[in-house]
Amino acid sequence: MTQTQWTAVDDYITDLLVPPDPALEAVLQSTIDADLPKINVAPNQGKFLHILAQIQGARRILELGTLAGYSTIWLARSLPADGKLITLEANAKHAEVAQENIDRAGLTSVVEIRVGEALKTLPKLATEGQAPFDLVFIDADKANIPQYFQWALKLTQPGSVIIVDNVVRNGVVIDANSTDENIQGVRQFNTLLAAEPRVKATTIQTVGSKGYDGLAIARVISD
């Protein structure tokens, strides 16, 4: 199996099951135009998140890592009319591009972007008396995933779902001696996840147009 074949299969799936969407296509183009990292989830992955949020019946979603707003739009479209999505983005340029895309998609009243390092904005969320989030999607820097996961637990309740992307890292996650802080961040998160009695969790490996990676899914089962 090769990256070329993985991408071709993703294209085949997308052509069949993910109809063209002007708002989402505009996000991808804006990523190119603004020279942002091309690390958004693939279209079929975006729809997967959308369906998971609908299955969950999510009314409130927290996202860590906005980029240009691609996954943000997929998730926000899963919400009911009175739903709310708060997305955290450390980079002001990324947030500006994302806001334009969210406005274009007609989701201005649904999505709130908070700019700043997540480890600074998450404590503020906790002190605001926000209602618990039904779903948390963590797709930010990997070195801080352990802390993000701990904050996600504080901001959710039994029945909530926490999804963490990019946790296989092309298989390098099994290398305990890696000097890559992203790998070590994921490994520390995995250790936390395995020992955390408040969640029921698993991780699945994925291949596709974004390469070889994986995501973790945890359901909060107790306070």
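That block above? That's the structure.
Residues numbered from 1 in each chain as written. Predicted model: local features only at pLDDT ≥ 70, side-chain atom pairs only at ≥ 80, totals over all residues. Heavy atoms only, no water.

1. Considering the overall build of the chain
So, step 1. Each helix and strand in the chain was counted, giving 8 helices and 7 strands.
So, step 2. Taken against the 2.2 N^0.38 rule, which gives 17 Å for 223 residues, the C-alpha radius of gyration of the chain at 17 Å falls within 12% of a compact globule.
So, step 3. Oriented by its inertia axes, the alpha-carbon framework of the chain measures out at about 45 × 40 × 30 Å.
So, step 4. Counting only contacts in the chain whose residues sit at least 6 apart along the sequence, the fraction spanning at least 24 positions is 70%.
So, step 5. By element, 54% of the accessible surface of the chain is carried by carbon and sulfur atoms, the whole surface being about 10900 Å².
So, step 6. Measuring between centres, the 19 positive side-chain charges of the chain sit 6 Å from its 26 negative side-chain charges. (Helix = DSSP H or I, 4+ residues; strand = E, 2+ residues; numbered from the N terminus. Rg over C-alpha atoms; globule rule 2.2 N^0.38 Å. Contact = heavy atoms within 4.5 Å. Areas by Shrake-Rupley, 256 points an atom, 1.4 Å probe, with all protein chains shown as cover. Lys, Arg positive; Asp, Glu negative; His and termini not counted. Charge placed at Lys NZ, Arg CZ, Asp CG, Glu CD.)

2. What about a negative patch on the surface?
So, step 1. On the surface, Glu-117, Asp-141, Asp-180 and Glu-181 cluster together into a negatively charged patch.
So, step 2. With respect to the helices and strands, the residue Asp-180 is situated in the loop between strand E5 (161-165) and helix H8 (181-195). (Patch = residues over 30% accessible without salt bridge, like charges linked within 9 Å, V, L, I, M, F, W, Y side chains within 5 Å. Salt bridge = Lys/Arg side-chain N within 4 Å of Asp/Glu carboxyl O.)

3. Remarks on the sheet that holds strand E3 (residues 111-115)
So, step 1. The 7 strands lie next to each other as E3-E2-E1-E4-E5-E7-E6, forming an open sheet whose pairing is mixed. The outermost strands of the open sheet, each flanked by one partner alone, are E3 and strand E6 (199-208). Taking each pair of neighbouring strands and ignoring which way they run, the sheet shows an average axis angle of 15°.
So, step 2. Where strand E2 (residues 84-89) meets E3, 5 bridges bridge the pair, whose relative direction is parallel. In the sheet register, Glu-89 faces E3, and the bridge partner there is Val-115. (Pairing = 2+ DSSP bridges. Axes fitted to C-alpha atoms, helices over the stretch in contact; angles between N-to-C directions.)

4. Considerations on the nonpolar core
So, step 1. The biggest cluster of nonpolar side chains holds 34 residues, and the ones touching the most others in it are Ile-61, Leu-75, Leu-107, Val-111 and Leu-135.
So, step 2. Within the residue set of this core, elements represented by two or more residues are helix H2 (22-33), helix H3 (43-56), helix H4 (70-76), helix H5 (92-104), E3, strand E4 (135-138) and E5.
So, step 3. Top element by residues in this core is H4. It accounts for 5 residues.
So, step 4. Once you skip the residues sitting within four places of it in the chain, Ile-61 turns out to touch Ala-53, Leu-75, Ser-78, Leu-79, Lys-84, Leu-85, Ile-86, Phe-133 and Leu-135.
So, step 5. By size, the runner-up hydrophobic cluster in this structure holds 29 residues, among which are Val-167, Phe-189, Val-199 and Ala-218. (Core = buried A, V, L, I, M, F, W, Y, C linked by side-chain atoms within 4.5 Å. Buried < 20%, exposed > 50% of the residue type's maximum accessible area, 1.4 Å probe, protein only.)

5. A few points about the packing of aromatic side chains
So, step 1. One pass over the full model with this rule turns up 1 aromatic pair.
So, step 2. Both rings, one in Phe-149 and one in Phe-189, keep their centres 5.3 Å apart while their planes meet at 80°; by these two values the pair is edge-to-face. Here the residue Phe-149 occupies a position in helix H7 (residues 145-154), and Phe-189 occupies one in helix H8, the gap between them amounting to 40 residues.
So, step 3. Judged by its relative accessible area of 2%, Phe-149 falls in the buried class. (Phe/Tyr/Trp six-rings, centres within 6.5 Å; stacked < 30°, edge-to-face > 60°.)

6. Observations regarding the environment of Pro-43
So, step 1. Structurally, Pro-43 is set in helix H3.
So, step 2. A sequence separation of 24 residues divides Pro-43 from Pro-19, and the C-alpha atoms of the two residues are 9.6 Å apart.

7. With respect to the side chain of Thr-31
So, step 1. One can find Thr-31 in helix H2.
So, step 2. Thr-31 gets classed as buried once you look at its relative accessible area, which sits at 2%.
So, step 3. Setting aside its immediate chain neighbours within four residues, Thr-31 contacts Leu-36, Pro-37, Lys-38 and Ala-68.

8. Details of unusual backbone geometry
So, step 1. Despite not being glycine, Asp-35 shows a phi value in the positive range, around 55°.
So, step 2. With respect to the element layout, Asp-35 can be found in the loop between H2 and H3.
So, step 3. Assessed through its relative accessible area of 62%, Asp-35 is described here as exposed.
So, step 4. Positive phi, normally seen in glycine, also occurs at Asn-170, with a value near 60°.
So, step 5. You can see Asn-170 is positioned in the loop between E5 and H8.

9. Some thoughts on the pairing of E2
So, step 1. When you tally the buried positions in E2, you get 5 out of 6 residues, the bulk of the element.
So, step 2. Sheet topology note: the strand E1 (residues 60-64)/E2 ladder contains 5 bridges and is parallel. Looking at E2, one finds that Ile-61 is bridged to Leu-85.
So, step 3. Since E1 and E2 lie parallel, the crossover through H4 that links them has a hand, and here it is right-handed. (Right-handed = clockwise from strand over helix to strand, strands pointing away.)

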